[in-house]
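One-letter residues, chain by chain:
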Amino acid sequence: MPLPLGDDPADREQVLNPITAVEAILRQPRRVMYQLRQPGAGQLIGSMLFVTVLCSLVYGVIVGSFSGGTQWWAAPVKISVGLLISALICLPSLYIFGCLSGAQARLSEIFGMVVGLLMLTTILLIGFAPVAWLFSQSTESIVWMGVLHLAFFAVATGFGLRFLDAAFSHSQARSPVGLRVWVIILVLVILQMSAALRPLLGTADDFLPTKKKFFLNHWGECIRDSERAGRYQSRD
Amino acid sequence: MTTPAAIPNPREFRTLLSGEATTLADWAGHFDWRRIGAHVTVILIGAGLYGAAMGWWRDPWQALFVAIKLPLILLLTALGNAILNAMLAPLLGLNITLRQSFAAVLMSFAIAAAVLGAFSPLLAFAVWNAPPMTPDVKSSLVYGFIKLSHVVVIAFAGIVGNARLFQLLAQLGRSRAVARRVLFAWLAVNLFFGSQLTWICRPLIGSPQLSVQFFREGAFKSNFFEDVSHTTRRFFDDWD
């Protein structure tokens, strides 16, 4: 059974600005969880949102560097907006799952937890940014870069979800099943968002796609196109 | 650049190699630019000498190029993953700062570079005894022996560096389980990044059929893992 939030004096230390928010979520996540329950948690949530947007924009620039051109600005905008919209779409279902499992958390606290998840995910993506940049500059394969970004996203989201799980465990939820189901929903929504906002890698004439596609179909087509291109290259 | 203050102190150098965990933990805890400079110098000299021995067989110019590239690979790996390593450590239970994690990784690379540097005369001797690198030498026993020697020495240096890093992490975190987790995560990201840097920095040993050059043409056009996947696919295609 984890120590109740606030029992450790370190939990009660205030998180005053975005920099301390980043440090707290990496080193003392309980501090963030405790502050989210206090009145005036809005400032912390605002700080975390600011960091999330900033980090996702920076990582987006790295993603856009693969194709250059309009992707320098389109990829950061799409990634940042896509992540926020995905979280907003999934927020009500998390709140309902939380209530159904007996969690004693207000909507603002749940919103704070989700923003915490996004912040931790995006700051970890910044950690991966130098590696992603190096590969962006040294490969021409869209499929390869897509797999790499997905892998980085999976690792970063894994740590983010660990934070959410820990935060949820303090909300007196009777069962974690609701949260587990919600995690699957969130991941599916983000993956579909990446297809709905395509292209994040590569280029296109339009800012947004004109044809609707399920993300698995989109990936399948990308892989087939890449294999076809590889075959033509080897014939040359 | 090597300043007089950055020249490794022989006693500190011995401490670094012997891996006295408490002293190394103290070094990592008190970030000191002079000591960082000393570790960078060890990397430049150790890996540089080994690189020179590695490239010498192909051509003296190749020796110079690899003497520059090998230390560069180590330093860029430490720098490129510095932020990620610093983020992963607290998330996996080891509360250390960016400077501490960077100092720890640099220390382990310095130890590995010192081991490489120590073996460079042996490799140079092997190369000196080898026939000139001509196209037909690639199928000879000597070529295989020298390549295998590089693999053994580099693997040994890597193991020693990481064993010392593990002791240091265990001392810093006071838990072997946490140290194992952090070491595994750092190893994974450093290997991933380092292998691509090495791929870009080809040629290292050099090839008799190809000209001596700092970077191969198209160094930035593919990546290590793509090549591994193509080779594997080709292997299975041929098998069918």
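Bear in mind that the values here come from a model prediction, so they are computed numbers and not experimental data. (Residues numbered from 1 in each chain as written. Chains lettered and ligands numbered in written order. Predicted model: local features only at pLDDT ≥ 70, side-chain atom pairs only at ≥ 80, totals over all residues.)

Draft legend 1. Region of interest: the overall build of chain A. Across its full length, chain A holds 8 helices and 0 strands. Secondary structure elements of chain A occur, N-terminal to C-terminal, as α-α-α-α-α-α-α-α. Its C-alpha atoms give chain A a radius of gyration of 19 Å, near enough to 18 Å, the size a compact globule of 236 residues would have. Its C-alpha atoms give chain A principal-axis dimensions of about 70 × 35 × 30 Å. Looking at the 236 residues of chain A, the share that counts as buried comes to 43%. Long-range pairs, those at least 24 residues apart, make up 70% of the contacts in chain A between residues at least 6 apart in sequence. (Helix = DSSP H or I, 4+ residues; strand = E, 2+ residues; numbered from the N terminus. Rg over C-alpha atoms; globule rule 2.2 N^0.38 Å. Buried ≥ 20, exposed ≤ 12 C-beta atoms within 10 Å, placed from the backbone. Contact = placed C-beta atoms within 7 Å.)

Draft legend 2. Just the overall build of chain B, in detail. A tally of regular secondary structure across chain B gives 9 helices and 0 strands. Ordered by position in the sequence, the α and β elements of chain B form the string α-α-α-α-α-α-α-α-α. With the principal axes as the frame, chain B shows a C-alpha extent of 55 × 45 × 30 Å. The burial tally for chain B puts 42% of its 240 residues in the buried class. Partitioning the intrachain contacts of chain B with sequence separation of at least 6 by distance along the chain shows that 77% fall at a separation of at least 24.

Draft legend 3. Main features of the packing of helix α2 (residues 21-29) of chain B against helix α7 (residues 141-173) of chain B. Residue and element names in this part refer to chain B. Two elements in contact, α2 and α7, have axes whose closest approach is 9 Å; the angle formed by their N-to-C orientations is 70°. For the element pair α2 / α7, the angle class is roughly perpendicular. Between α2 and α7, the contacting residues are Ala21, Thr22, Leu24, Ala25 and Ala28 on the first element and Gln167, Leu168, Gln171 and Leu172 on the second. Residues that form the contact of α2 with α7 fall into these classes: 6 nonpolar, 3 polar and no charged. (Axes fitted to C-alpha atoms, helices over the stretch in contact; angles between N-to-C directions. Parallel < 35°, antiparallel > 145°, perpendicular 65-115°, else oblique. Nonpolar A, V, L, I, M, F, W, Y, C, P; charged D, E, K, R; others polar.)

Draft legend 4. How the structure looks around the interface of chain B and chain A. Contacts between the two partners involve 16 residues from chain B and, on the opposite side, 18 residues from chain A. Among the secondary structure elements, those contributing two or more residues to the side of chain B that touches chain A are α5 (82-91) and α8 (176-200) of chain B. In terms of residues, the side of chain B that touches chain A owes the most to one element, α5(B), which gives 5 residues. Partitioned by chemical class, the residues of the side of chain B that touches chain A number 9 nonpolar, 5 polar and 2 charged.

Draft legend 5. Quick peek at the confidence of the model for chain A. Put simply, chain A has an average pLDDT of 89, and 97% of its residues get 70 or more. Looking across chain A, the model is least confident in helix α8 (residues 215-235) of chain A, with a mean pLDDT of 75, and most confident in helix α3 (residues 42-64) of chain A, with 96. (pLDDT = per-residue confidence, 0-100.)

Draft legend 6. Representation of the nonpolar core within the structure. Grouped together as the largest cluster of nonpolar side chains are 137 residues, with contacts concentrated most on Met107(B), Ala110(B), Ala113(B) and Leu169(B). In terms of residue count, helix α5 (residues 107-137) of chain A provides more of this core than any other element does, 18 residues in total. Setting aside residues no more than four positions away along its own chain, Leu169(B) makes contact with Leu94(B), Ala104(B), Ala179(B), Val182(B) and Leu183(B). (Core = buried A, V, L, I, M, F, W, Y, C linked by C-beta atoms within 7 Å.)

Draft legend 7. Representation of unusual backbone geometry. Residue Arg198(A) is joined to Pro199(A) through a cis peptide bond whose omega torsion reads 0°. Tracing the backbone shows Pro199(A) in the loop between α7 (177-196) and α8. With an omega dihedral of -5°, the bond running from Arg202(B) to Pro203(B) counts as a cis peptide bond. Its location among the elements puts Pro203(B) in the loop between α8 and α9 (224-239). Its identity as a non-glycine residue notwithstanding, Gln172(A) has a phi of 60°, on the positive side. Tracing the backbone through its elements, the reader meets Gln172(A) in the loop between α6 (142-169) and α7. Classification of Gln172(A) as exposed rests on a count of 11 C-beta atoms within 10 Å.

Draft legend 8. Spotlight on the environment of Ala126(B). All names here are of chain B. If you trace the backbone, Ala126 turns up in helix α6 (residues 98-129). Along the sequence, Ala126 and Val142 sit 16 residues apart, while their C-alpha atoms lie 9.1 Å from each other. With residues up to four places along the chain from it excluded, the contact list for Ala126 reads Ile146 and Ser149.

Draft legend 9. Focus on the environment of Val63(A). Mapped onto the elements, Val63(A) comes out in helix α3. With residues near it in sequence (within four places) discarded, Val63(A) still touches Ala75(A), Ile79(A), His149(A), Leu200(A) and Leu201(A).

Draft legend 10. α7(B), seen in detail. Given a rise of 1.5 Å per residue, 33 residues ought to cover 48 Å, and the 47 Å separating the end C-alpha atoms of α7(B) matches this to within 8%. Looking one or two residues past α7(B), Arg174(B) carries a phi angle of roughly 55°, positive in sign. (Expected span 1.5 Å × (residues − 1).)

Draft legend 11. Focus on the packing of α5(B) against α8(B). Residue and element names in this part refer to chain B. Packing of α5 against α8 brings their axes to within 10 Å, and their N-to-C directions diverge by 155°. In terms of their interaxial angle, α5 and α8 are classed as roughly antiparallel. In this structure, the crossing between α5 and α8 has a hand that is right-handed. For the pair α5 and α8, the contacting residues are Leu84, Asn85, Leu88 and Ala89 in the first and Val182, Ala185, Trp186 and Val189 in the second. Each residue belonging to the contact of α5 with α8 can be placed in one class, and the counts come to 7 nonpolar, 1 polar and no charged. (Left-handed = near helix turned anticlockwise from the far one by under 90°.)

Draft legend 12. Spatial organisation of the confidence of the model for chain B. All names here are of chain B. Per-residue confidence for chain B gives a mean pLDDT of 86; residues scoring 70 or more make up 95%. The element-level mean pLDDT for chain B is lowest in helix α1 (residues 10-18), coming to 75, with helix α4 (residues 60-80) highest at 95. In the predicted structure, residues 1-5 sits below a pLDDT of 50 and forms 5 contacts with residues beyond four places in sequence or in another chain. This prediction of the complex comes with two scores: 0.80 for pTM and 0.72 for ipTM.

Draft legend 13. Structural context of the environment of Leu204(B). All names here are of chain B. Mapped onto the secondary structure, Leu204 falls in the loop between α8 and α9. Separated by 11 residues in sequence, Leu204 and Phe215 place their C-alpha atoms 9.6 Å apart. With near-sequence residues (within four places) excluded, Leu204 lies in contact with Met54, Gly55 and Val66.

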